[in-house]
Amino acid sequence: MELELYGTSACHLCELAEAVLAEMLVHETAWQIELIDIADDDDTLARYALKIPVLRSVEDDRELQWPFDASSVRQFVAGGS
């Protein structure tokens, strides 16, 4: 499962989201999560500036908005929102 986590530096909520996902990656070894810094691209910044952190499924373009926990991430990955 390929996922992207949209965020930026000095974002406390982004750090919390990363911590949730890092803990999950210990057990979910089939997942790949790319961290996307929204400040690196003007279009991405405009799209996500007020939403971060956001977890996105590369496969089907679904997004999971913050706040999320391990349970909601598992549900999201399984195909629910």
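Starting from 1, residues in each chain are numbered consecutively following that chain's sequence as written. Restriction of local features to residues with pLDDT of at least 70 applies here, the model being predicted, together with a cutoff of 80 or more for giving and counting side-chain atom pairs; totals for whole chains, interfaces and linings are based on all residues. Side-chain measures were taken over the full set of non-hydrogen atoms in the model, leaving aside hydrogen atoms and water.

Caption draft 1: Highlighting the pairing of strand S1 (residues 2-7). Exposure categories follow from relative accessible area, calculated using a 1.4 Å probe and restricted to protein chains: below 20% of the type maximum is buried, above 50% is exposed, and the middle band is partly exposed. Helix and strand labels come from DSSP, where a helix needs a run of H or I of at least four residues and a strand needs a run of E of at least two; each type is numbered from the N terminus. Judged by how many residues are buried, S1 sits mostly within the fold: five of six residues are covered. A clockwise course of the path from the first strand over the helix to the second, judged with the strands pointing away from the viewer, identifies a crossover as right-handed. For the crossover from S1 across helix H1 (residues 12-25) to strand S2 (residues 32-37), the handedness is right-handed. Two strands qualify as a pair provided that DSSP identifies no fewer than 2 bridges between them. In this structure, S1 lies alongside strand S3 (residues 54-57), joined through four bridges in antiparallel fashion. Bridge pairing in S3 places Leu-3 opposite Ser-57.

Caption draft 2: How the structure looks around unusual backbone geometry. Note that the residue after Ile-52, namely Pro-53, is joined by a cis bond; omega there is 0°. With respect to the secondary-structure elements, Pro-53 resides in the loop between helix H2 (42-48) and S3. With omega at 5°, the peptide bond leading from Trp-66 into Pro-67 counts as cis. As for its position among the elements, Pro-67 is in the loop between strand S4 (63-65) and helix H3 (70-77). One non-glycine residue, Ala-10, lies in the positive phi region at around 60°. Along the chain, Ala-10 turns up in the loop between S1 and H1. Phi at Asp-61 is positive, roughly 65°, even though this residue is not glycine. With respect to the helices and strands, the residue Asp-61 is situated in the loop between S3 and S4.

Caption draft 3: Just the environment of Ile-52, in detail. Inspection of the secondary structure puts Ile-52 in the loop between H2 and S3. Considered as a pair, Ile-52 and Gly-7 are 45 residues apart in the sequence and their alpha carbons are 5.3 Å apart. By definition in these notes, contact holds between two residues if any of their heavy atoms fall within 4.5 Å. In this structure Ile-52 touches Tyr-6, Gly-7, Thr-8, Cys-11, Cys-14 and Ile-38, once residues within four positions along its chain are discounted.

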